Structures are given as structure tokens and as C-alpha cells.
Amino acid sequence: MMAPMDTDPRYSIPVPAKLPIWLRWMNGGPAWRRSVLRLAARSRTLRRLARHVQSIDTASVAKHYAAEVDRFNAQMRSLGVRDIERYYWYHVVDLPGGITTPGMYDYRGTVGCFGFPADMRGTSVLDVGSATGFFAFEFERRGAEVVAVELPGLDQLDRFPGQDTGVLLRKIERMMTPLPADKAPGLPRGYSAEEMYYYLLEAPFQLCCRLLGSRVERRFSSVYELSPQRLGRAGFDVVFAGDILVHTLRPFDALTALAGVCAGTLVIAQAIPGSPSDPPAMLYEGGETPGDDCISWWLPNEQCFKQLLRKLGFAEVVAVGNHEGIHRPAGNIFSRRILHAKRVGTA
Ligand SMILES: C[S@@+](CC[C@H](N)C(=O)[O-])C[C@H]1O[C@@H](n2cnc3c(N)ncnc32)[C@H](O)[C@@H]1O
């Protein structure tokens, strides 16, 4: 029996429909941009307006984000949290007392697109690559028993043979310090690998856990090493892999490990290129420069995912929807497709 889909009104706002039209076309897909640029190219006034609107939009997203960071840091300092300026917030997470983490990705309004049951009581969930933990805490809020998996160290991130860890770390550091030095003068740079891991993946998750009074269980493992033996249970009802396979050089091995710990539904959420009817293929996006600091490698298309997942024993693989949101502080739109792969006869 399929559990009822998410009907919580807080989570039923379809963000794409709510986005102002100018924001959609400034940030939207190539088709949008092409049609608008064709129009704009005919008029100097429209061209000027387009440039103006784009600069207002990006600047206002960044400004709003910077103000949120300041407010949040002040709230945390008042609670006695030290070094809060160093924390990296991947997700927006609602905390008690009306406090909200200044995350780069805000799924609060669009989590309904992921097709998770509104009531997850009695459901075991494995959240793989949990980052700041928005999804783990959301599953818990819906009543699930949650295990959140994170890498044991940044040296475990997949690297191309010969790729330098130092270069990779500097790239992550740039991601952690998105505001330029003049806008965030107090922001420290030059983290050691251990500090970076702590402020990027461990401290934000643990702070949320503490303030939420969460009972989410934290485990450390690379996706490749997940197994029933390692996790101490035969299989989870729901396994969530949000934007993690893009970071794997061996996505089929990663999928195989995920399948091995999934007794029910495997949910994959990530950018999926092409159209659903394209023949199965994987897009390589790791670049061609030796030693390049890439952290994304492969993007399987929908047919590729469907065929691999069926081969791994999932009888039914369906795309349940798309998610779009605005990345902060950059202000560009990101988009993800959501696939549900189900074992035979499971919810
Ligand atoms: C882009 S974030 C996605 C966070 C979250 N799952 C979401 O959907 O919003 C990728 C996460 O996967 C983790 N990760 C990257 N490579 C991994 C691997 N080989 N095994 C386990 N986790 C990995 C990263 O540390 C990070 O927490």
C-alpha cells in the first residue's frame, strides 16, 4: 500500500509557480533564456532592463542572505555557541525559538515534491550524505526512526586518480566562504582539513541535533561501504540519496551499496540530464584538466537510472516530480528530479 503523500500545507507550495516570471527567465533553463533573449535582442531598452533586473535580483538574494547570516550568528552567540562564523550551513533548518539556519539550500517550502509520506511513524529511514541534516530532521519530525550517514573525513571524497586533495579542499573552502572578504571581513579562511570537516559537516549537524533535541542516529561511512552488516540491520524502509551520487566516480557501485541496504523505497534526488525518453546514457562532467578540482563526475539520465535500478532488483522505478529552488547567495535556480525505486510489494 502506498502511504498517503505529504499533505502538510506548510510543504505544499510549488516554488516554481510562485517565482516571479522575471526571476524564472533570468535563471531558468536554456529554453526560457533563449526565448527571452530572442525578444530582448530586438530592443535596446529591453536589453538594458534585462541587465538591470538581473543585477537587482542577484544582489538582493546575496544581501538578504548576508543579513540572515548576521542575525543567525548573533542569535547563536547569545546562546553561547563559539566560532559560529566558521560554520557552513548547507541547508536551511528551522530550529526552536523561531531561529533558522542561513542555509544555501532551502527545501522547507518544496519538500512536498519529494513524495515522502506525511506520516512516517514506524518507518526506518537512512539518509545518506546528510550534510546539515535538513532531510534527516524532517523524516524524524514525521515520526520516522532515522540514521544519518556522513563521510568520515573529507579525504574520503572521490577524487580522480592523481587529483590533489589540497586543491579539492581549497575548492570546498571557496564554497564555505561564498561572500567576498569585503562583505564578510570576519570570515576565517585557510582551514586545515580537520577544521574544514568539523565546520562543514560535523558542527552544524550536531548543533541542530542539540537544539532540536533530535534522536537521529549519526553514522560515518562512505556510500560504497554501506552494508547491512556495517549498519547492523537487514534493510531500511526508505533510503534517501539526495545529491550524493554526483560526487561518486563509481555511481553504479554506489547504487549497488544503496540497494543493498534498502528493503523498501530508494529515493534519488538530483539533476538528471536530457529527456525521460532518451536512451540510457551517463553524462560526464568531471572536466579534462589533470589535477582539476572537480567534485561532480557523472550524471546518469532517467532511462539509465531506471535500467540500473531495475537490474538491482527494484521492480518499479518512477519519477515522482521535480524540485526547483534558489541557491543562496548566488541567486541562480537549481533543479532536481526525484525518482522512487521500489522493491516488489513495498510501500
Ligand atoms: C551535495 S550534499 C547533499 C546533502 C543532502 N543529501 C541533500 O540532498 O541536500 C552531498 C553530501 O554527500 C556527502 N558525500 C559525498 N561523497 C560521499 C560518499 N562517497 N559517501 C558518503 N557521503 C558522501 C557529502 O559529504 C555531503 O554531505
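The coordinates are above.
Residues numbered from 1 in each chain as written. Predicted model: local features only at pLDDT ≥ 70, side-chain atom pairs only at ≥ 80, totals over all residues.

Draft legend 1. Broad picture of the overall build of the protein. Each helix and strand in the protein was counted, giving 10 helices and 11 strands. Sorting the 347 residues of the protein into buried and exposed places 33% on the buried side. Put simply, 68% of the contacts in the protein that link residues at least 6 apart link residues at least 24 apart. (Helix = DSSP H or I, 4+ residues; strand = E, 2+ residues; numbered from the N terminus. Buried ≥ 20, exposed ≤ 12 C-beta atoms within 10 Å, placed from the backbone. Contact = placed C-beta atoms within 7 Å.)

Draft legend 2. Structural view of the sheet that holds strand β5 (residues 217–220). In spatial order, the strands read β5-β4-β3-β6-β7-β11-β10; together these seven strands make up an open sheet with mixed pairing. Lying at the two open borders of the sheet, with one neighbouring strand each, are β5 and β10 (316–326). On average, adjacent strands in this sheet sit at an angle of 20 degrees to one another, irrespective of strand direction. Where strand β7 (residues 262–270) and strand β11 (residues 333–342) come together, six bridges link them in antiparallel fashion. Of the residues in β11, the one forming a bridge with I268 is L339. Against the sheet, helix α9 (residues 251–260) engages β3 (124–128), β6 (236–242) and β7, with an angle of about 140 degrees to β7. Sheet strands touched by helix α10 (residues 302–311): β7, β10 and β11. Its angle to β10, the strand with the most contacts, is close to 135 degrees. (Pairing = 2+ DSSP bridges. Axes fitted to C-alpha atoms, helices over the stretch in contact; angles between N-to-C directions.)

Draft legend 3. Structural detail: the packing of helix α6 (residues 165–176) against helix α7 (residues 193–212). Relative to each other, α6 and α7 sit at 35 degrees, their axes nearing to 11 Å. When the axes of α6 and α7 are compared, the crossing they make is left-handed. Mapping the contact onto sequence places L169, I172, E173 and M176 in α6 and A193, M196 and L200 in α7. Per-class residue counts for the contact of α6 with α7 are six nonpolar, no polar and one charged. (Left-handed = near helix turned anticlockwise from the far one by under 90°. Nonpolar A, V, L, I, M, F, W, Y, C, P; charged D, E, K, R; others polar.)

Draft legend 4. Region of the structure containing the site of the ligand. The full set close to the ligand counts 18 residues, and G129, A131, V223, G242 and H247 are the nearest of them. Counted by class, the shell around the ligand contains nine nonpolar, six polar and three charged residues. (Near = placed C-beta within 6 Å.)

Draft legend 5. Just the nonpolar core, in detail. Among the nonpolar cores identified, the biggest contains 69 residues, and V125, V128, V239, A241, L258, L266 and V267 are the most heavily contacted of them. Take this core: its biggest share by element is seven residues, from α7. (Core = buried A, V, L, I, M, F, W, Y, C linked by C-beta atoms within 7 Å.)

Draft legend 6. A look at α10. Those residues of α10 not exposed but buried are C304, F305, K306, L308 and L309. For α10, the secondary structure elements touched by its buried residues are α9, β7, β8 (282–284), β9 (298–300), β10 and β11.

Draft legend 7. Representation of unusual backbone geometry. Of the consecutive residues R328 and P329, the connecting peptide bond is found in the cis state with omega at 5 degrees. Positionally, P329 belongs in the loop between β10 and β11. Phi is positive for A131, which is not a glycine, with a value near 50 degrees. Position of A131 relative to the elements: it lies in the loop between β3 and α5 (134–141).

Draft legend 8. How the structure looks around the environment of G331. Tracing the sequence through the fold places G331 in the loop between β10 and β11. The exposure class of G331 is partly exposed, given the 19 C-beta atoms found within 10 Å. Along the backbone, G331 and V61 are 270 residues apart, and their C-alpha atoms lie at a distance of 5.7 Å.

Draft legend 9. Inspection of the pairing of β10 at higher detail. In terms of strand pairing, β10 meets β11 through 10 bridges, oriented antiparallel. Following the sheet pairing, G321 is matched in β11 by I338. Joining the antiparallel neighbours β10 and β11 is a turn of six residues, in which G331 adopts a positive phi near 85 degrees.

Draft legend 10. The environment of V317, seen in detail. Here V317 shows up in strand β10. As a C-alpha pair, V317 and Q307 span 10 residues in sequence and 8.8 Å in three-dimensional space. When sequence neighbours within four positions are dropped, the list of residues in contact with V317 reads K306, L309, R310, L339 and A341.

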